[in-house]
Amino acid sequence: MNKKLRLGVLVSGRGTNLQAIIDSINEGKLLAEIVIVISDNPKAMALERAKIANIPTAYVKPGKKSEFEREIIRILEENKVNLIVLAGFMRILSADFVSRFPLRIINIHPSLLPSFPGLEAQRQALEYGVKITGCTVHFVNEIVDGGPIILQEAVPVYDDDTVESLSARILEKEHKILVEAIRLFGENRLKVVGRRVFIDKEGIDQCL
Ligand code: GRF
């Protein structure tokens, strides 16, 4: 039997990815519990979404980076989180933070990495002129948007796309692969070898 995953979700804004996780759990499609939602932005709509779902929240005021991160670590450890999900968290975590949770932090990014890392990935894709872009869920390491890739989904770029229309098309896929990656992690099916993440057909528990 797989143990129920204890998720800590870090957010900064709108929170549609957080909502996708909440909905999947509530619909019984994801065996996990969001034990804490942490934000660096007290006005994040994501915090409202968490409150409506009766999920505990914490606002950590950004200040000195080391203190800010120490407080986030304290809250995550206090809540015995086993997977940290960056769902639209707009700050770069230090190498120290990341090394504390090796292969225990995942991020959703709105491009097919390694293309278009960093901010405004959808705008970057449009301006570059690619015909296909998409989204990526990856483990977080010390390189921004550079960790081992878990899942990707491709999305076409149309001639009449705007940043908004393209972002909306990508977002639908983000919600899907983020939930799927959490599910695979929870089922202990992700095996990382160097940069490559292999997905076991069956969870380790079921194989034993
Ligand atoms: C998403 O596009 C995600 O890929 C990026 O930030 C955005 C967050 O959206 N990292 P939301 O707050 O989950 O709606």
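Cut-offs used in this document
- Residues numbered from 1 in each chain as written.
- Predicted model: local features only at pLDDT ≥ 70, side-chain atom pairs only at ≥ 80, totals over all residues.
- Heavy atoms only, no water.
- Axes fitted to C-alpha atoms, helices over the stretch in contact; angles between N-to-C directions.
- Helix = DSSP H or I, 4+ residues; strand = E, 2+ residues; numbered from the N terminus.
- Parallel < 35°, antiparallel > 145°, perpendicular 65-115°, else oblique.
- Left-handed = near helix turned anticlockwise from the far one by under 90°.
- Contact = heavy atoms within 4.5 Å.
- Nonpolar A, V, L, I, M, F, W, Y, C, P; charged D, E, K, R; others polar.
- Near = heavy atom within 4 Å.
- Polar contact = N/O pair within 3.5 Å; in protein donor to acceptor, adjacent residues only side chain to side chain.
- 1 Å grid on protein atoms, 1.4 Å probe; cavity = no way out; pocket = protein on both sides within 12 Å on 5 of 7 lines; lining within 4 Å.
- Sits in = over half its atoms within 2 Å of the grid points.
- Domains from an automatic or database assignment.
- Buried area = accessible area lost by both parts, 1.4 Å probe.
- Core = buried A, V, L, I, M, F, W, Y, C linked by side-chain atoms within 4.5 Å.
- Buried < 20%, exposed > 50% of the residue type's maximum accessible area, 1.4 Å probe, protein only.
- Points joined across faces, edges and corners; volume = space filled by probe spheres on them.
- Salt bridge = Lys/Arg side-chain N within 4 Å of Asp/Glu carboxyl O.

Chemist: A description of the packing of helix α5 (residues 121–128) against helix α6 (residues 163–186) should follow, citing residues and the corresponding values.
Modeler: The geometry of α5 relative to α6 is characterised by a closest axis approach of 9 Å and an angle of 120° between their N-to-C directions. Between α5 and α6, the angle falls in the class oblique. Where α5 crosses over α6, the two elements pack in a sense that is right-handed. Across the interface between the two elements, Gln-122, Arg-123 and Leu-126 from α5 touch Val-163, Leu-166, Ser-167 and Ile-170 from α6. Per-class residue counts for the contact of α5 with α6 are 4 nonpolar, 2 polar and 1 charged.

Chemist: If you had to explain the site of the ligand to someone new, which residues and values would you point to?
Modeler: Neighbouring the ligand are the residues Arg-14, Gly-15, Thr-16, Asn-17, Gly-88, Ile-108, His-109, Pro-110 and Glu-174. Take Thr-16: an N or O atom from its side chain is 2.6 Å from an oxygen atom of the ligand. Asn-17 has a polar backbone atom sitting 2.9 Å from an oxygen atom of the ligand. Structurally, the ligand is housed in the largest pocket. Contributing elements (two or more residues each) for the shell around the ligand: α1 (16–26) and β5 (105–109). Residue classes in the shell around the ligand are distributed as 2 nonpolar, 5 polar and 2 charged. When residues of the shell around the ligand are assigned to domains, at least three map to each of domain 1 (1–101) and domain 2 (109–136 + 153–201).

Chemist: An account of the domain arrangement of the protein chain is needed here, citing residue identities and associated values.
Modeler: Note on interface size: it is often stated as the accessible area lost on association of the parts. For the protein chain, the assigned domains read domain 1 (1–101) and domain 2 (109–136 + 153–201). Inter-centroid distance (C-alpha atoms) of domain 1 to domain 2 is 20 Å. At the interface, 16 residues of domain 1 touch 11 residues of domain 2. With both sides pooled, the region where domain 1 packs onto domain 2 buries about 1,100 Å², and carbon together with sulfur makes up 74% of that total.

Chemist: Residue-level account of unusual backbone geometry, with values.
Modeler: What is expected of a backbone is that most residues other than glycine have negative phi and most peptide bonds are trans. Cis rather than trans, the peptide bond between Leu-113 and Pro-114 has omega equal to 15°. With respect to the secondary-structure elements, Pro-114 resides in the loop between β5 and α5. Its identity as a non-glycine residue notwithstanding, Glu-120 has a phi of 50°, on the positive side. One non-glycine residue, Asp-145, adopts positive backbone phi at about 55°.

Chemist: Lay out the nonpolar core with the relevant residues and their values.
Modeler: Core analysis: the largest hydrophobic core is formed by 40 residues, its most contacted members being Leu-7, Val-85, Ile-106 and Ile-182. With 9 residues, α6 is the single largest residue contributor to this core. Counting residues domain by domain, this core receives three or more from each of domain 1 (1–101) and domain 2 (109–136 + 153–201). Ignoring anything within four residues of it in the chain, the contact list for Ile-182 reads Leu-5, Leu-7, Ile-21, Leu-30, Leu-83, Val-85 and Ile-106.

Chemist: Which residues make up the side chain of Ser-24, and what are the values?
Modeler: Looking at where Ser-24 falls in the secondary structure, it is placed in helix α1. Judged by relative accessible area, Ser-24 falls into the buried class, the value being 10%. When near neighbours in sequence (up to four residues on either side) are disregarded, Ser-24 contacts Lys-29, Leu-30 and Val-179.

Chemist: So, the layout of surface pockets: which residues are in play, and what are the values?
Modeler: Taken as a whole, the largest pocket holds about 890 Å³ of empty space. What lines the largest pocket is a set of 36 residues, and nearest its centre among them are Gly-88, Phe-89, Met-90, Ile-108 and Pro-110. Of all the elements, α6 adds the most residues to the lining of the largest pocket, at 5 residues.

Chemist: Please give an account of the pattern of salt bridges that cites residues and values.
Modeler: For side chains of opposite charge, pairing can occur when their charged atoms come near one another. All chains considered together, the criterion is met by 13 salt bridges. Notably, a salt bridge pairs Glu-27 with Lys-29, separated by 2.8 Å at the nearest N-O pair. The class for Lys-29 is exposed, based on a relative accessible area of 56%. Note that Glu-120 is salt-bridged to Arg-123, the shortest N-O span being 2.7 Å.

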